[in-house]
Amino acid sequence: MENTKQLLVTASPHVRSNRTVKKDMLDVIIALIPAGLASVYYFGYRALILILASVITCVLSEYIFNKATKRNQSIKDLSAVVTGILLAYNVPFTLPVWQMVIGAMFAIVVAKMFFGGIGQNIVNPALAARAFLMASWSETMTSFVPPQRVATLKTVKDVSMVSGATPLSDPASFSTMDLFLGNIPGCLGEVSALAILIGACYLIVRKVIHVRIPLTYILTATVLLGIFGPDGFAASLRNVLSGGLLLGAFFMATDYTTTPMTIKGQYVFAIGAGILTAIIRVWGGYPEGVSYSILLMNLVVPIIEAHTRPKTFGKVEAKKGKENE
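Sequence order as written defines the numbering, with residues in each chain counted from 1. Given that this is a predicted model, residues contribute local features only at a pLDDT of at least 70 and side-chain atom pairs are listed and counted only at 80 or more, while totals for whole chains, interfaces and linings are drawn from all residues. To get the side-chain values, take all heavy atoms of the structure and skip hydrogens and water.

### Some words on the overall build of the chain
Helical segments are the DSSP runs of H or I of at least four residues, strand segments are the runs of E of at least two, and each set is numbered from the N terminus. When helices and strands are tallied, the chain shows 16 helices and two strands. Each residue's exposure class comes from its accessible area (1.4 Å probe, protein chains only) as a fraction of the maximum for that residue type: buried when under 20%, exposed when over 50%, partly exposed otherwise. Expressed as a percentage of the 325 residues in the chain, the buried residues total 51%. Any two residues having at least one pair of non-hydrogen atoms within 4.5 Å are treated as being in contact. Partitioning the intrachain contacts of the chain with sequence separation of at least 6 by distance along the chain shows that 70% fall at a separation of at least 24. The Shrake-Rupley method, run with a 1.4 Å probe sphere, supplies the accessible areas, and residue values consider only the shown protein chains as cover. Roughly 16100 Å² of accessible area belongs to the chain as shown, and the carbon and sulfur atoms make up 66% of that amount.

Below is the structure:
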């Protein structure tokens, strides 16, 4: 795929672009750099270690799997690198490295390669691995340390002594500016809304993603949280900036493989994800709902596309012709 000069980008067979999988993945990697820099700034060198561990494990897992199954090597398309970065961005900086490695292996081998590789996986590999890590090690996946307390952490084992509430569990503890800049406890890639928005703007300008899914998703979740949330519409901006809503909306809900190709389907997908996110945040036992909402909507993409696919030309006329006979 990486050697392909032209890639089909729409359902119309005559519409082509010089975009390739490798070019798109490279653009996504560039767009993710600001969030990575913000995580290292707020959480220190250990954030970089987790990101590198995740990326290296993802690339090696895909390489070894292809070698073992005698498939053509696909690591040059950079999709494994993107999966590794996104997975690392969905964990706290205190996560043990060995758990990060296991999660990365799950993302590539189970969630991606078992289904045939890029373009054939049914759910987002990074989010599937995050759900796996949450189910396996919920305590370490929910141990968040405020950036101001990072320096007091002598070892990762001391995290329970300095763990703090996140903006979703205790919204009154953080200012809007802290939420925007990233001076808050949380997962590596979700804390800085500013960094995420810089990357999102890059992807939109480069035409790697379209705004319809992210904006529809964010608007749906925000409106429903304003109606049913404890703080109403007064907390609308806080709801957008808190948790993984922005990261999920721009970098995971826009995944080509696991979202609908039809425009109507994309709106349905985004609205469904927004509804599920609001439901989980308001009534769920876990304050964040982005990962699970996108994963659940990934599973119903075939149904969405079946009901939003344009009718084939000539189908109606052929029916009428039979009736006249």
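Let's pick the thread back up.
### Section: empty space enclosed by the protein
Both cavities and pockets are sets of points on a 1 Å grid over the protein atoms alone; in a cavity a 1.4 Å probe fits but cannot get out, in a pocket the set is open with protein on both sides within 12 Å along at least five of seven lines, and lining residues sit with an atom within 4 Å of a point. Grid points are joined across faces, edges and corners, and a volume is the space filled by probe spheres set on the points. Enumeration over the complete set of coordinates arrives at one cavity of 30 Å³ or more. The space that makes up the largest cavity amounts to roughly 30 Å³.

### Here's the deal with unusual backbone geometry
If you check the backbone angles, Leu78 has positive phi at about 70° while not being a glycine. Its identity is not glycine, yet Lys207 carries a phi of approximately 60°, on the positive side. Note that Lys207 resides in the loop between helix 9 (193-205) and helix 10 (212-228). Residue classification places Lys207 among the exposed residues on the basis of a relative accessible area of 72%.

### Here's the deal with the environment of Arg71
Within the secondary structure, Arg71 sits in the loop between helix 2 (45-68) and helix 3 (79-88). Apart from the residues lying within four places of it in its own chain, the contact partners of Arg71 are Phe65, Asn66, Met113, Gly116 and Gly117. N or O atoms within 3.5 Å of each other form a polar contact, as long as, within protein, one can give a hydrogen and the other can take it, and as long as residues adjacent in sequence are counted only when both atoms are side-chain atoms. Within the local environment of Arg71, its side chain forms a polar contact with the backbone oxygen of Met113, the two atoms lying 3.5 Å apart.

### What about the environment of Pro287?
Turning to its location among the elements, Pro287 is positioned in the loop between helix 13 (263-283) and helix 14 (290-299). Residues Pro287 and Thr277, ten residues apart in the sequence, show an inter-C-alpha distance of 9.6 Å. Those residues in contact with Pro287, other than ones at most four positions away along the chain, are Leu168 and Arg281.

### Brief notes about the nonpolar core
Of all hydrophobic cores here, the largest spans 82 residues; its most connected members are Tyr217 and Phe251. Of the residues forming this core, the biggest block, ten residues, is contributed by helix 1 (residues 21-43). Setting aside its immediate chain neighbours within four residues, Tyr217 contacts Leu245, Gly248, Ala249, Ala253, Ala270, Ala273, Gly274, Thr277, Val290, Ser293 and Ile294. Residues belong to a common nonpolar core when they are buried Ala, Val, Leu, Ile, Met, Phe, Trp, Tyr or Cys residues joined through side-chain atoms within 4.5 Å.

### A word on the packing of aromatic side chains
Stacked, tilted and edge-to-face pairs are distinguished by plane angle, under 30 degrees for stacked and over 60 for edge-to-face with tilted covering the rest, among Phe, Tyr and Trp rings (Trp via its six-membered ring) whose centres lie within 6.5 Å. According to the stated counting rule, one finds seven aromatic pairs in the structure shown. Relative to Phe132, the ring of Phe106 has its centre 4.3 Å away and its plane inclined at 5°; by these criteria the two rings are stacked. With a gap of 26 residues between them, Phe106 in helix 4 (residues 97-110) and Phe132 in helix 5 (residues 125-136) connect regions that are remote in the sequence. For Phe106, a relative accessible area of 22% translates into the label partly exposed. Given a relative accessible area of 24%, Phe132 falls into the partly exposed group. Residues Phe228 and Trp283 carry aromatic rings whose centres are separated by 5.6 Å and whose planes lie at 55° to one another, so their mutual orientation is tilted. In this pair, Phe228 sits in helix 10 while Trp283 sits in helix 13, placing the two residues 55 residues apart along the sequence.

### Considering helix 13
Taking 1.5 Å of rise per residue, 21 residues should cover 30 Å, and helix 13 covers 30 Å from first to last C-alpha, within 8% of that figure. All of the buried residues in helix 13 are Gly265, Gln266, Phe269, Ala270, Gly272, Ala273, Gly274, Thr277, Ala278, Ile280 and Arg281. The backbone nitrogen of Gly265 lies 3.0 Å from a side-chain oxygen of the residue at the head of helix 13, namely Thr262. Helix span is expected to be 1.5 Å times the residue number reduced by one.

### So, a nonpolar patch on the surface
To count toward a patch, a residue needs a relative accessible area above 30% and no salt bridge. Like charges then connect within 9 Å, nonpolar side chains (Val, Leu, Ile, Met, Phe, Trp, Tyr) within 5 Å. When a carboxyl oxygen of Asp or Glu lies within 4 Å of a side-chain nitrogen of Lys or Arg, that pair is called a salt bridge. Judged by side-chain polarity, Leu219, Val223, Ile227, Phe228, Phe233, Ile263, Tyr267, Ile271, Ile275, Ile279 and Trp283 come together as a nonpolar surface patch covering roughly 1100 Å² of accessible area. Of all the elements in the fold, those that place two or more residues in the nonpolar patch are helix 10 and helix 13. Accessibility expressed as a relative area gives 39% for Ile279, which makes it partly exposed.

### Quick word on helix 4
Given 3.6 residues per helical turn, the α-helix brings residues three or four places apart onto the same face. Compared with an ideal rise of 1.5 Å per residue, which puts 14 residues at 20 Å, helix 4 spans 19 Å between its outermost C-alpha atoms and is within 8% of the ideal. Along helix 4, the residues that are buried comprise Gln99, Met100, Gly103, Ala104, Ala107 and Ile108. One side of helix 4 carries all its buried residues, which in axial view fall inside an arc of 165°. Residues of helix 4 that are buried in the fold lie against helix 2, helix 3, helix 5 and helix 6 (138-141). As used here, the arc belongs to the directions running from the helix axis to the C-beta atoms.

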